[in-house]
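Single-letter residue listing:
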Amino acid sequence: MDIQQKTINTLRALAADTVQKANSGHPGAPMGMAAMAYAVWAEGMCHNPADPAWQNRDRFVLSNGHASAMLYSLLHMFGYGLTMDDLKSFRQWGSRTPGHPEYRHTPGVETTTGPLGQGIANAVGFAIAETMLAARFNKPGYPVVDHRTFAFCGDGCMMEGIAAEAAALAGTLKLGKLTILYDDNDISIEGDTDIAMREDVGARFAAYGWQVLKVEDGNDPQKILAAVNEAAKDDRPSLIICKTIIGFGCPAKQGTAGCHGSPLGDDNVLEMKKTLGLPEDTFRVDDDVYAHLQSCTARGAKAEEDWKRMLEGYAAEYPELKAKYDSWMSGELPEGLMDDPELMEFEGKIATRATSGTTIQRLAKRIPNLVGGSADLAPSNNTYIKDGGDYSAENRLGRNMHFGVREHAMAAICNGMALHGGLRVFCGTFFVFSDYMKHAIRMSAIMKLPVTYVLTHDSIGVGEDGATHEPIEHLAGLRSIPDLQVFRPADGKETAAAWLSALTEGLPTCLVLTRQGLPQYEHCGRCPMKGAYVLSDCDKTPDLLLMASGSEVELIMGAQKQLAEEGIAARVISVPSMDHFDKQDAEYKESVMPNAIRARLAVEAGATMPWYRYVGLDGAVVGLDHFGASAPAGVLFKEYGFTVENVVAQAKKVLGK
């Protein structure tokens, strides 16, 4: 066989050996997609294994992340630093080859994938970021930002709603440098896809505004490469439908669901190697295969050298632009931003969605690569950057994204934009719709991506819209996600501090914001970054600790005053971010919530569960463990006990009075 076919078959065998050694994994998709992988990685994609972080590399996303054995085999064979021992420790404790690809964990992996469809939306985000940066930095003769995004996906990805959301937006935006290769093998875990999926996927994508190309023989790398090259000529995103056979090369299991998520078995692996004309050795890659792939990647190494030389000329002719490019790509923030007093200036009774909007305007003037948008709610979320322009197929310079009513895809697209680098990304919707975004937010946290989520209309303050639009359990859910910052600010300073935390901590951040106006308080503007702090104290050792977040801080401030008139000393503690407070040292926690003071009352218009870590067995929580109703907000707050009078009554009950 020729070297191309030998390489493809070696990739199949290596992936099968990897799964077999672990006795766990998915061999079928890697074997079926091997020719697709070869066409893209060896011929179609510009990349340099010696520098996986090269800024102008083509990006590759494996949306059907269960095919990770294929990706790891590629990374090994192409020289990305994965060893044969890494492949042999697939899915094992401490290995660099986990069951699904993980960003920052394995060299060459661009994004964490596995939940189907997420990778397609990530790829759309990569492609959007490329166009935004290219529009700002490219000059005639200097294509500083000029690369493509490739994604592989399977039938399962195509069934997921997020894929449809993201693909529809990509077609609208004419993301011509985005190419998705669809592993169309007609098999799902439960059997033939015909049991649940009979639509014409190509027609669907064509309706979205994509160029659709079909390769009837998914084992022919030259035909696949021809389609990849054809895709590069169109200003529309391209879908290449490759008809493949799952588990190709294994006579006993190919074309069946039996090779989707289970090892082939030792005997079947041997039979596969005989069928493919390979030796029976396990984990074998011949020197001529390594040499062939090294010659393929030489093109990428030369491209990077040429790009670096081009940058030298660019720096000489456009020194200010080059300095800005370096700044954007490094992620640095303007000097003095953290101590800028204007960011903390607010007056009057203002909703935190409005103080967030003001903060966005102030930050946008200082951070030119701050971009974002909303799921068709920018006027309500206050997320529109004034004078920022609208990003579109016609205007790549726009800073405002219009995602449409596509919350799930919006969040995952923002993940892709953040992964690409060079941009500071935020997105917004109503807090109750964070449920639609939940898995993409979780992926932000797993990857530790600095995406900011602006989530407004945070409680029963939504009022007349009723239970469907009043978030009750959502704070508890988001607070349970590791490595996710959740802020529910009580005023403008807390809101600005939350934004600064979002920009500096390197983690995803949810800003949970009110519809109704809130007063401004006198406090250290950056105190909220500790998560909880004493907002108002008493003249002696407190009899009671009152704590709340967001709009309910106003209630405990009023209760403190009324209790004082009755001779009861209460300390008011604002708790905008539980996760931040939990990270503080014991000394600081004791200074805010002394262990000796057991009488504690928390107030929040949401599920009570998260607060018991602070109030303990001797305290109480005024909250909502039931759904809301449709009525004016003031009526709802009164009916559900969110009044100063009820807070005072509950405080006395805690004190036994």
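Here the structure is a predicted model, which is why all the values come from computation and not from measurement.

Moving on: the environment of Met 45. Summarising the element assignment, Met 45 is placed in the loop between helix H3 (34–44) and strand S1 (59–62). Taking C-alpha positions, Met 45 is 31 Å from Lys 274, a pair spaced 229 residues apart along the chain. Met 45 has contacts with Val 40, Asp 58, Arg 59, Phe 60, Phe 150 and Arg 299, leaving out every residue within four places of it along the chain.

The next subject is the nonpolar core. Core analysis: the biggest nonpolar cluster contains 84 residues, and Ile 128 and Ile 413 have the highest contact counts within it. Beyond its immediate sequence surroundings of up to four residues, Ile 413 is in contact with Ala 121, Val 124, Gly 125, Ile 128, Ala 166, Leu 169 and Phe 403. Ranked by size, the runner-up nonpolar core spans 52 residues in total, among them Ala 34, Met 77, Leu 213 and Ala 231.

Time to look at the packing of aromatic side chains. Scanning all chains against the criterion turns up 20 aromatic pairs. Arranged with centres 5.0 Å apart and planes meeting at 80°, the rings of Phe 205 and Trp 210 form a pair that is edge-to-face. The same class applies to Phe 205 as to Trp 210, namely buried. Taken together, a centroid distance of 5.8 Å and an interplanar angle of 85° make the contact between Phe 426 and Trp 499 edge-to-face. In this pair, Phe 426 is assigned in strand S10 (residues 424–430) and Trp 499 in helix H19 (residues 492–504), connecting sequence segments 73 residues apart.

Summarising burial for H3: 10 of the 11 residues are buried, a large majority. Those residues of H3 not exposed but buried are Ala 34, Ala 35, Met 36, Ala 37, Tyr 38, Ala 39, Val 40, Trp 41, Ala 42 and Gly 44.

As a further point, take the side chain of Arg 424. Summarising the element assignment, Arg 424 is placed in strand S10. Glu 332 provides the closest opposite charge to the buried, unpaired Arg 424, separated from it by 8.9 Å. One polar contact links the side chain of Arg 424 to the main-chain carbonyl oxygen of Leu 503, over a distance of 2.8 Å. Contact partners of Arg 424, with chain neighbours within four places excluded, come to Gly 331, Glu 332, Leu 333, Ile 367, Asn 369, Leu 370, Val 371 and Leu 503.

Here is what the cut-offs are and how they apply
- Residues numbered from 1 in each chain as written.
- Predicted model: local features only at pLDDT ≥ 70, side-chain atom pairs only at ≥ 80, totals over all residues.
- Heavy atoms only, no water.
- Helix = DSSP H or I, 4+ residues; strand = E, 2+ residues; numbered from the N terminus.
- Contact = heavy atoms within 4.5 Å.
- Core = buried A, V, L, I, M, F, W, Y, C linked by side-chain atoms within 4.5 Å.
- Buried < 20%, exposed > 50% of the residue type's maximum accessible area, 1.4 Å probe, protein only.
- Phe/Tyr/Trp six-rings, centres within 6.5 Å; stacked < 30°, edge-to-face > 60°.
- Lys, Arg positive; Asp, Glu negative; His and termini not counted.
- Salt bridge = Lys/Arg side-chain N within 4 Å of Asp/Glu carboxyl O.
- Polar contact = N/O pair within 3.5 Å; in protein donor to acceptor, adjacent residues only side chain to side chain.

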